[in-house]
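# Working through the structure, step by step
This is what each chain is made of:
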Amino acid sequence: MKFTWFQSKLTFVIIPGANGSVVRLKLSRAALCCAASFMLLLLGTTCILAIRSLHSTVSVSLKSVEMKGRTAQLEQDIHRKNAAIERLQNDIYALSKQASEVRSQMERMKRLEQDLHKLAPGSVERRKADGQSASTAVSAGAGGMGGEAFPVTEGQTHELAAATGARYTALHAEMKELTSRLGQTKLRLQEKQERRQRTPDIWPTLSKVVTSPYGYRKDPFTKKLSFHRGIDIAGKLGDPVYAVASGIVHSVAYDKLHGHNVIIEHDKGLRTWYMHLNSTQVSQGDKVDKGQAIGQLGTTGRSTGPHLHYEVLLSGKSTDPAPYMPSDNRKKERNK
Ligand SMILES: [Zn+2]
């Protein structure tokens, strides 16, 4: 039944005009269906292609917009990074300048160390100062500046950063060494100061009038030759008598021969003995400093008048006090 329907034909009459001859077309239903199907297929394909073309066009437009956005973003990033690089370059330059200033300070410290070294010479050998002397360095602000400006390349930035890093490393090592040397110099100065404090090197009186030196003399009482174990210094009654070095008061005593007298124990078996004092103002076991008043000048004991008999004992034996007394102004020595 159906097959018969497909086989049946349809007649199309085409009338071109009043005078034309009539054209009759006989087409089977099957042919017509095929033609209709083909037309539908062609239409569908055309629609699909049009849609895909439209989609591509829209995609390209969207991508173009996206690319523009990304390009703008990248340009912003590059600008930001360039600004950061410029800041880093400026920081490196500032660090480089600071390294130069630290170097100058280091040179000044070395000169100071040399001065200290002269005050306390020791075993530490001075190294020759290397690099540029601070005295020859010129500050950036002094005088005029000019010339063509060349942009700094990446390579130059790396070189400057590496050179600055190396300078800081070298400065760190030098600072460490200098700190150590200054510490040793400080110790030597302290030792020297303490040694000096323990060593008699000042006059025990205000007066410097020596009435009887150390050595052989005619005894003032018997007029016979005798050995004078100390030095007699004339002075006014009540004048202060000073400890010639720091130490411990070994004894404070009185007897008819020495009068009021004080013995002070110093360093390395050294003692000083002060006789004929009018009065004493220290006690046995007291710690005394150099220049500290220990009593008043007097004429107690075997004495012809106000004076101080001053003795220096080395390992218990009297020795000439003269080497322990400066020949220049006493007051000046005391204030040192
Ligand atoms: Zn004497």
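On a predicted model such as this, the values are computed, not experimentally measured, just so you know. (Residues numbered from 1 in each chain as written. Predicted model: local features only at pLDDT ≥ 70, side-chain atom pairs only at ≥ 80, totals over all residues. Heavy atoms only, no water.)

## Observations concerning the overall build of the protein
Looking only at helices and strands, the protein features 4 helices and 14 strands. Here the protein holds 336 residues, and the buried ones make up 26% of them. (Helix = DSSP H or I, 4+ residues; strand = E, 2+ residues; numbered from the N terminus. Buried < 20%, exposed > 50% of the residue type's maximum accessible area, 1.4 Å probe, protein only.)

## Structural notes on the nonpolar core
Val262, Tyr274, Ile294 and Tyr310 are the most contacted members of the largest nonpolar core, which totals 22 residues. Going through the elements one at a time, strand 6 (231-234), strand 9 (259-265), strand 10 (270-280), strand 12 (293-297) and strand 13 (307-314) are the ones with two or more residues in this core. Setting aside residues up to four positions removed in sequence, Tyr310 forms contacts with Pro200, Pro204, Gly230, Ile231, Val244, Thr272, Trp273, Tyr274, Pro321 and Met325. (Core = buried A, V, L, I, M, F, W, Y, C linked by side-chain atoms within 4.5 Å. Contact = heavy atoms within 4.5 Å.)

## Here we look at the packing of aromatic side chains
Summed over all chains, the structure comprises 3 aromatic pairs. Relative to Phe227, the ring of Tyr214 lies with its centre 5.3 Å away and its plane at 85 degrees, an arrangement referred to as edge-to-face. On the criterion of sequence distance, the pair formed by Tyr214 in the loop between strand 3 (210-212) and strand 4 (215-218) and Phe227 in strand 5 (residues 225-228) is long-range, its members being 13 residues apart. Residue Tyr214 is classed as partly exposed on the basis of its relative accessible area, which comes to 23%. Each ring, one from Tyr216 and one from Phe227, has its centre 4.8 Å from the other, and the planes form 80 degrees; the classification is edge-to-face. Linking Tyr216 in strand 4 with Phe227 in strand 5, this pair joins segments that are 11 residues apart in sequence. Taken together through their ring pairs, the aromatic side chains of Tyr214, Tyr216 and Phe227 make up a single cluster. (Phe/Tyr/Trp six-rings, centres within 6.5 Å; stacked < 30°, edge-to-face > 60°.)

## Describing the coordination of the zinc ion
Around the zinc ion, the protein contributes the donor atoms His228 (NE2), Asp232 (OD) and His309 (ND1), which lie 1.9 to 2.1 Å from the metal centre. A residue is classified by how much of its surface remains accessible, and His228, at 4% relative accessible area, is buried. (Donors = N, O, S within 2.8 Å, 3.2 Å for Na, K, Ca; no water.)

## As for the state of the cysteines
Scanning all chains against the criterion turns up 0 disulfides. A disulfide-free cysteine, Cys33 has its sulfur positioned 7.1 Å from the sulfur of Cys34, the nearest such atom. Residue classification places Cys34 among the exposed positions, given a relative accessible area of 55%. (Disulfide = S-S within 2.5 Å.)

## Considerations on the confidence of the model for the protein
Per-residue confidence for the protein gives a mean pLDDT of 85; residues scoring 70 or more make up 90%. Here residues 123-138 is modelled with pLDDT under 50, and outside its nearest four sequence neighbours on either side it reaches 25 contacts, counting other chains as well. This model gives residues 329-336 a pLDDT under 50, and the stretch forms 16 contacts once residues within four places in sequence are excluded. (pLDDT = per-residue confidence, 0-100.)

## Comments concerning the UniProt feature "transmembrane region" (unreviewed entry) in the protein
The sites that UniProt annotates as "transmembrane region" (unreviewed entry) are residues 30-51. Between the end C-alpha atoms of residues 30-51 there is a gap of 31 Å, over a span that is 100% helix and 0% strand. (UniProt positions renumbered as here; feature names shortened; annotations may be inferred.)

## Structural notes on helix 2 (residues 29-119)
Relative to the 135 Å expected for 91 residues at 1.5 Å per residue, helix 2 spans 131 Å between its end C-alpha atoms, a close match to the ideal helical length. Within the span of helix 2, buried status applies to Asp77, Gln89, Ile92, Ser96, Ala99, Arg103, Ser104, Met106, Glu107, Lys110, Glu113 and His117. (Expected span 1.5 Å × (residues − 1).)

## Description of a nonpolar patch on the surface
A contiguous nonpolar surface patch, about 440 Å² in accessible area, is contributed by Leu10, Phe12, Ile14, Val23, Leu25 and Leu27. Counting only elements with at least two residues in the nonpolar patch, the list comes to strand 1 (9-14) and strand 2 (23-28). Residue Leu25 is classed as partly exposed on the basis of its relative accessible area of 39%. (Patch = residues over 30% accessible without salt bridge, like charges linked within 9 Å, V, L, I, M, F, W, Y side chains within 5 Å. Areas by Shrake-Rupley, 256 points an atom, 1.4 Å probe, with all protein chains shown as cover. Salt bridge = Lys/Arg side-chain N within 4 Å of Asp/Glu carboxyl O.)

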